[in-house]
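Residue-level listing of the chains:
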Amino acid sequence: MKINYDYEIAIIGIGPAGIQAGLHAGRRKHKVVLLGKLEESALWSAHIENYFGFSEKVDGKVLLEEGLKAVKKFGGELILEDVISIEPLELGFKLITEKEREITALSLILAMGVKRKKRVFQQEEKFVGKGVSYCADCDAWFYRGKKVLVIGDGSAAIHGAKTLKKFADKVYFYGLKPISEESLSELRVVNIEVLEKKPVEIMGDNEVKGVMFDDGTQLELDGIFIEIGAKGPIELLAPIGIELDPETFSYVKVDRKMQTNVQGVFACGDLTGSPLQLAKAVGEGCVAGLSASDYVKQVLKNLKEV
């Protein structure tokens, strides 16, 4: 039995997890495509200082670009477009991109990370990597002895503020939504100052120097961390029945082979939950790439026998 498909393995997400998955699948001689945009990876604007093989700080952008060179070396293709829908087929899946390109694949690897609503300030993007960060776990080390502000809501923001308190000299917190008394108590216990006034503008020319509040007053700062819960991929995955974690419904459930509950679909990286760290993403990408390869080989073997 023969079937027509564009690729054996399609990987949604061009971050560390997706690139590593593509590298392993490509080395096994599969026809692989990676879809997405490099700048959407959380690693794009990050500085890495706690990753195997690097004794000094390295820009995440450099790691991504070098990773893609390796993927291309082993035959992987790139489509720099976001996927806007996934449709299950009798065997495999059809992906539709933002430019209405249709792509079919026998297996999927989900590696799109977690989406964050990043725009809190009008000129926010200007300061990304220059005092604005979206990952306290990644960048807290760079703010040792400094003053920082955490803006966000939910457990991600509370966790980020408490993490930063271990490094920064002073941590301020502003909640985009009402904060429970329990959460406020957690912050106060570790001497984090909760702000009532709303930050409306980032102060500084080429790097963060502080914020201006809605009453015109200012606060000097060295950094601003925006920690908002994950959104985006969940809506994309719902139509194909991907199972999420039962506690928060924010992350994709996988087994040790990074297999989801849907046959032929694997997931890796930030999408599968904490810790949101480069090392975890790369490790899971490796496993997902090998597991998808094993799955495709079995499918092709079964088709030959029909």
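(A) Quick look at the side chain of Glu-124. As for its placement among the helices and strands, Glu-124 is situated in the loop between β8 (102–110) and β9 (132–133). Classification of Glu-124 by relative accessible area gives buried; the value is 0%. A distance of 3.0 Å separates a polar side-chain atom of Glu-124 from the backbone nitrogen of Phe-121.

(B) Representation of the environment of Val-194 within the structure. Within the fold, Val-194 resides in strand β12 (residues 193–194). A relative accessible area of 22% means that Val-194 is categorised as partly exposed. Placed 23 residues apart in sequence, Val-194 and Val-171 show a C-alpha to C-alpha distance of 8.8 Å. With sequence-adjacent residues up to four places away left out, Val-194 is seen in contact with Phe-173, Leu-184 and Leu-187.

(C) Structural detail: the sheet that holds strand β14 (residues 210–213). The three strands lie next to each other as β13-β14-β15, forming an open sheet whose pairing is antiparallel. On the outer flanks of this sheet lie β13 (199–203) and β15 (218–220), each paired with one strand and no other. On average, each strand axis in the sheet is inclined to that of its neighbour by 25°, with strand direction left out of account.

(D) Local environment of the pattern of salt bridges. In this structure the tally under the stated criterion is twelve salt bridges. Here Arg-28 and Asp-294 are joined by a salt bridge, their closest N and O atoms 2.7 Å apart. Remark: Asp-294 occurs in helix α7 (residues 278–305) and Arg-28 occurs in the loop between α1 (16–27) and β2 (32–35); sequence separation between them is 266 residues. Residue Asp-294 is classed as partly exposed on the basis of its relative accessible area of 44%. Here Lys-253 ties to Glu-243 by a salt bridge, and the two come within 3.5 Å at their closest N and O atoms.

(E) Layout of the state of the cysteines. Going through the model one piece at a time under the given rule, you end up with zero disulfides. Sulfur of Cys-268: no disulfide; nearest cysteine sulfur belongs to Cys-286 and is 10 Å away. Looking at Cys-268, the relative accessible area reads 1%, which means it is buried.

(F) Broad picture of helix α5 (residues 181–189). Taken residue by residue, α5 has Ser-183, Leu-184 and Leu-187 as its buried positions. Buried residues of α5, viewed axially, fall in a sector of 100°; they line one side. Across α5 from its buried face, at more than 90 degrees, point the exposed residues Glu-181, Glu-182, Arg-188 and Val-189. A positive phi of about 65° marks Asn-191, the residue just after α5.

(G) Examining the packing of aromatic side chains more closely. Throughout the structure, instances matching the rule amount to four aromatic pairs. An angle of 75° between the planes, with centres 6.0 Å apart, marks the rings of Trp-141 and Phe-167 as edge-to-face. Taken together, the residues span a long stretch of sequence, with Trp-141 in the loop between α3 (136–139) and β10 (147–152) and Phe-167 in the loop between α4 (154–165) and β11 (170–175) at a distance of 26 residues. Judged by its relative accessible area of 29%, Phe-167 falls in the partly exposed class. Note on Phe-266 and Tyr-295: the rings are 6.3 Å apart at their centroids and 65° apart in plane angle, and the pair reads as edge-to-face. One end of the pair, Phe-266, is in strand β17 (residues 265–267); the other, Tyr-295, is in helix α7, with 29 residues separating them in the sequence. Given the relative accessible area of 15%, Tyr-295 is considered buried. In this structure, Lys-57 is placed above the aromatic ring of Phe-142, and the distance from its NZ or CZ to the ring centre is 5.4 Å.

(H) Fine view of the nonpolar core. Ile-9, Ile-11, Ile-19, Leu-34, Leu-43, Ile-48 and Ile-109 are the most contacted members of the largest nonpolar core, which has 34 residues in total. Those elements that place two or more of their residues in this core are β1 (7–12), α1, β2, α2 (60–73), β8 and α7. Broken down by element, the residue count for this core peaks at nine residues, all from α7. If you look at the next biggest cluster of nonpolar residues, it comprises 25 residues, including Leu-35, Phe-93, Ile-103 and Val-252.

Conventions and cut-offs
- Residues numbered from 1 in each chain as written.
- Predicted model: local features only at pLDDT ≥ 70, side-chain atom pairs only at ≥ 80, totals over all residues.
- Heavy atoms only, no water.
- Helix = DSSP H or I, 4+ residues; strand = E, 2+ residues; numbered from the N terminus.
- Buried < 20%, exposed > 50% of the residue type's maximum accessible area, 1.4 Å probe, protein only.
- Polar contact = N/O pair within 3.5 Å; in protein donor to acceptor, adjacent residues only side chain to side chain.
- Contact = heavy atoms within 4.5 Å.
- Pairing = 2+ DSSP bridges.
- Axes fitted to C-alpha atoms, helices over the stretch in contact; angles between N-to-C directions.
- Salt bridge = Lys/Arg side-chain N within 4 Å of Asp/Glu carboxyl O.
- Disulfide = S-S within 2.5 Å.
- Arc of directions from axis to C-beta.
- Phe/Tyr/Trp six-rings, centres within 6.5 Å; stacked < 30°, edge-to-face > 60°.
- Lys NZ or Arg CZ within 6 Å of the ring centre and 35° of its normal.
- Core = buried A, V, L, I, M, F, W, Y, C linked by side-chain atoms within 4.5 Å.

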